[in-house]
There are 2 protein chains.
Amino acid sequence: MPATLRDVAELAQVSVRTVSNVVSGYAHVSERMRQRVLAAIEELDYRANPVARTLRTGRTGMLALVVPEIDVPYFSELARDVIDAAAEFGYRVMIDQTGHDHERERRLLMGDDRTMLFDGILFSPLVTKSELLDMHRSEHMPLVLLGEHEFDGRFDHVAIDNVQAARDAVSHLVAAGRTRIAAIGAQPLEEYSTPLLRTAGYEAALEEAGLQARPGYATPAPHYSRTDGYEAATALMALDPRPDAIFCFSDLLAVGAMRAVFDAGLSVPEDVAVVGIDDIEEGRFARPSLSTVSLDTPFIAREAVRRIVARIDDPSVAAEEVVAPHRLVVRESTAS
Amino acid sequence: MPATLRDVAELAQVSVRTVSNVVSGYAHVSERMRQRVLAAIEELDYRANPVARTLRTGRTGMLALVVPEIDVPYFSELARDVIDAAAEFGYRVMIDQTGHDHERERRLLMGDDRTMLFDGILFSPLVTKSELLDMHRSEHMPLVLLGEHEFDGRFDHVAIDNVQAARDAVSHLVAAGRTRIAAIGAQPLEEYSTPLLRTAGYEAALEEAGLQARPGYATPAPHYSRTDGYEAATALMALDPRPDAIFCFSDLLAVGAMRAVFDAGLSVPEDVAVVGIDDIEEGRFARPSLSTVSLDTPFIAREAVRRIVARIDDPSVAAEEVVAPHRLVVRESTAS
DNA sequence: TTGTAAGCGTTATCAC
DNA sequence: GTGATAACGCTTACAA
């Protein structure tokens, strides 16, 4: 049975109030008292019960990080940075994965029975903007969106400029002399979401270069997985004319795509150049190493935590739209 | 302000006791009452406050998963399975990373001020056995060890047979005709830990094949990262005689090692065969695809959660030692 | 500066 | 079967 505040007070011959003051670092407590209390705490090996504290204060000191899949490298690398950033602000992180399940996302936003266990949600969503707006009850739970573009300023969010990032990647392929540039990751069904923005950037870059968007060149990829990339690229390799470059909406797709190109008896970058987005470590060690658009994940994580903490402290602060920097990283997979 | 049990009781004209009974699905509630309460809950959009419930029951419904680094693929794939398995048992998972910091591990096991936020710990440790034994106060917090061998039965743990797994990997290299077999991942400083067991398996397999353990062939790798693998393999490639095979203690090391072999102007598997342990998805898409010892992560996750839940329900249950199955998966990186 | 006591929202122990 | 009521361990007015 762990010791309670009361036990400490009894042993130290002081009131619980004084013990509480000492524990929470309250200023006005005499040195004599403080020492006596500290000694009692030490002797009883007392630790404050965070649950009781939470019930009283309404703060749990926990953030929820909600991602589609934690084992997708981009998300696990993001999670790592979020956990570190949260620690700096005195928060811990609970991770939930929605598994590409819109219903699970919905329940989380509506506030299921355990929502109150954390002070705020960092949410990397699948759902479209309009759905989000309708679903979330911002009154009840601070929310920061990750990697999602939002226009009406109702939510905090931190994301890269997805249109520009896609544009940079495709323009790089153009500059490398590629003319038949395909894309993997376009999601025709979603609105206002990352895939749509990246598709827009892809098309804008093509147009800018005076290249046509050929039929069948923009392919979908439901889960942004290696397997999705593999299958999409396999289909692309069978096209006539065959693409001489593939822009993948994520590095994971690109890893799968590269493997598909090899299995089709072709080579990267000679026959087909490949570029991704995310800059996961896997791409740096791949063969050939993967050109990509690097996102500043530590920055994204830090900003997201900073925003959520600000909103927890004052729910009425205006929503902020943080644009994280990105930059093109050229490696072997797009060498001319 | 969210509605409370009291609000519901007032609106439904019943006692809080009755409302609580309805909410927690208590049997003896008349249908009339139940309907009235349900209507009031619906109207007020009531959700039970999990913190208050926790204070009363002592259960938070949360498990902590502690790993060195969440963005190491093996751990993120494990985390995914743990989260899923925990959900089946009605638990959620908080993830903490120790960042290879023994001090952070120690604090966690000693029970820092927020330990009471979860009902049990699933711990994938760095520290040695003896340290663990001294540090953890099992009376206070149910604990299940992952991936660590333990002999004295004081802790639940689930792990593969590390000696045998390493033996299988090395024997496979021997069967493929390799005679100069190096290893990456040996950690001379740790006792009773995974690296030591895998080193033992490596040496046993060599001896069995009548091969000598050459000086400099067993190299350390502090973090089991791609970079560690790269550096170790680079050093190995400069050795005379040069190894014709490398057994890596993790797939991530193997990925780095393969890249180092290429950068040394050699090829896998022709000049150097490479085999890892873990069977992360990255290895299946690598070029060449990586031979490995596949661990049944869903099994490990499920067993670990099953054990921790059993221990939460009854702290006095005897510790169990679960051995998870493993199997050799031969791919391109060790083709003869 | 320190003590007393009233909650925070549940669950559980009593009675009825 | 249902209603009061006392905890759970803490923070914080309010007193002293």
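Residues numbered from 1 in each chain as written. Chains lettered and ligands numbered in written order. Predicted model: local features only at pLDDT ≥ 70, side-chain atom pairs only at ≥ 80, totals over all residues. Heavy atoms only, no water.

Colleague: Looking at this structure, I do not really get the overall build of chain A. What am I missing?
Modeller: Counting its regular elements, chain A contains 13 helices and twelve strands. The C-alpha radius of gyration of chain A comes to 25 Å, more than 25% above the 20 Å expected for a compact globule of 336 residues. Its C-alpha atoms give chain A principal-axis dimensions of roughly 85 × 40 × 30 Å. Counting the 336 residues in chain A, one finds 56% classified as buried. Across chain A, contacts joining residues at least 24 apart in sequence account for 70% of those joining residues at least 6 apart. Carbon together with sulfur atoms contributes 50% to the accessible area of chain A, which is approximately 14000 Å² in total. Across chain A, the centroid of the 34 positively charged side chains sits 6 Å from that of the 52 negatively charged ones. (Helix = DSSP H or I, 4+ residues; strand = E, 2+ residues; numbered from the N terminus. Rg over C-alpha atoms; globule rule 2.2 N^0.38 Å. Buried < 20%, exposed > 50% of the residue type's maximum accessible area, 1.4 Å probe, protein only. Contact = heavy atoms within 4.5 Å. Areas by Shrake-Rupley, 256 points an atom, 1.4 Å probe, with all protein chains shown as cover. Lys, Arg positive; Asp, Glu negative; His and termini not counted. Charge placed at Lys NZ, Arg CZ, Asp CG, Glu CD.)

Colleague: Explain the protein's contact with DNA strand C to me, please; I cannot follow it from the model alone.
Modeller: Surveying the vicinity of DNA strand C reveals 23 residues, the closest of which are A:Thr18, A:Met33, A:Arg56, B:Arg53 and B:Arg56. Take the atoms of DNA strand C that sit within 4 Å of the protein: sugar and phosphate atoms are 61% of them. Within the contact set of DNA strand C, a phosphate oxygen lies 2.8 Å away from a backbone nitrogen or oxygen of A:Ser15. A:Thr18 is positioned such that a nitrogen or oxygen atom in its side chain is 2.5 Å from a phosphate oxygen of DNA strand C. At the level of secondary structure, the elements contributing two or more residues to the surface near DNA strand C comprise helix 2 (16-23) and helix 4 (50-57) of chain A together with helix 2 (16-23) and helix 4 (50-57) of chain B. A class-by-class count of the residues in the surface near DNA strand C yields nine nonpolar, eight polar and six charged. (Near = heavy atom within 4 Å. Polar contact = N/O pair within 3.5 Å; in protein donor to acceptor, adjacent residues only side chain to side chain. Nonpolar A, V, L, I, M, F, W, Y, C, P; charged D, E, K, R; others polar.)

Colleague: How do you make sense of unusual backbone geometry when you look at a structure like this?
Modeller: Peptide bonds are, in most cases, trans, and in most cases residues other than glycine have a negative phi. Residues and elements named next belong to chain A. Residue proline 269 is bonded to the preceding valine 268 through a cis peptide linkage, with omega at 5°. Counting through the fold element by element, proline 269 comes out in the loop between helix 11 (251-263) and strand 9 (273-278). Residue proline 288 is bonded to the preceding arginine 287 through a cis peptide linkage, with omega at -5°. Here proline 288 shows up in the loop between helix 12 (281-285) and strand 10 (291-295). One non-glycine residue, aspartate 278, lies in the positive phi region at around 130°. Note on placement: aspartate 278 falls in strand 9.

Colleague: How should I be thinking about the sheet that holds strand 12 (residues 326-329) of chain B in this particular structure?
Modeller: Within a sheet, neighbouring strands are paired by backbone hydrogen bonds and run either parallel or antiparallel to one another. Residue and element names in this part refer to chain B. Within the open sheet, the six strands sit side by side as 7-6-8-9-10-12. Their pairing is mixed. Strands with a single pairing partner mark the edges of an open sheet, and in this sheet they are strand 7 (218-219) and strand 12. Pairing analysis gives four bridges linking strand 9 (residues 273-278) to strand 10 (residues 291-295), with the strands arranged parallel. Of the residues in strand 10, the one forming a bridge with aspartate 278 is serine 294. Its contacts with the sheet place helix 11 (residues 251-263) against strand 6 (181-184), strand 8 (245-248), strand 9 and strand 10, and it is angled at close to 155° to strand 9. (Pairing = 2+ DSSP bridges. Axes fitted to C-alpha atoms, helices over the stretch in contact; angles between N-to-C directions.)

Colleague: What should I look at first to understand the interface of chain A and chain B in this one?
Modeller: Quite often, the size of an interface is put as the accessible area lost when its parts meet. Taken together, the contact pairs 53 residues of chain A with 53 residues of chain B. Across the chain A to chain B interface the summed buried area is about 5300 Å²; carbon plus sulfur atoms make up 55%. The largest share of the area that chain A buries against chain B comes from A:Arg92, A:Phe285 and A:Arg287, three residues that together contribute 15% of it. Across the chain A-chain B interface, the total number found is ten salt bridges. (Buried area = accessible area lost by both parts, 1.4 Å probe. Salt bridge = Lys/Arg side-chain N within 4 Å of Asp/Glu carboxyl O.)

Colleague: Hey, could you run me through the relation of the copies chain A and chain B in this one?
Modeller: Each of the two chain copies goes to the other by way of a rotation about an axis and a shift along it. Each copy superposes on the other: chain A lies on chain B with an RMSD of 0.1 Å after a rotation of 180° and an axial shift of 0.0 Å. When the rotation and shift are considered jointly, the pair of chain copies conforms to a two-fold rotation axis. Taking C-alpha positions as reference, the residue of chain A nearest the rotation axis is A:Met94, located at 2.1 Å. Here 100% of the contact residues of chain A are again contact residues in chain B; the copies associate through an equivalent surface. (Least-squares fit on C-alpha atoms with pLDDT ≥ 70 in both.)

Colleague: Whenever I open this one, helix 10 (residues 226-237) of chain B confuses me. Can you help?
Modeller: Since the α-helix advances by 3.6 residues per turn, residues separated by three or four positions end up pointing in the same direction. All names here are of chain B. Helix length check: helix 10, at twelve residues, gives a terminal C-alpha distance of 16 Å against a target of 16 Å (1.5 Å per residue), a fit within 8%. Those residues of helix 10 lying buried are Arg226, Asp228, Gly229, Ala232, Ala233, Leu236 and Met237. In an axial view of helix 10, the angular spread of the buried residues amounts to 160°, which keeps them on one side of the axis. (Expected span 1.5 Å × (residues − 1). Arc of directions from axis to C-beta.)

Colleague: Would you take a moment to explain the sheet that holds strand 8 (residues 245-248) of chain A for this structure?
Modeller: Residue and element names in this part refer to chain A. Strand order in the open sheet made by the six strands is 7-6-8-9-10-12, with mixed pairing throughout. Of all the strands in the sheet, just strand 7 (218-219) and strand 12 (326-329) have a single pairing partner and so form its edges. In terms of strand pairing, strand 6 (residues 181-184) meets strand 7 through two bridges, oriented parallel. Looking at the pairing, alanine 183 lines up with alanine 218 of strand 7. Contacts between helix 11 and the sheet are confined to strand 6, strand 8, strand 9 and strand 10, with strand 9 contributing the most and set at about 155° to the helix.

Shape descriptors only; they carry no functional weight alone.
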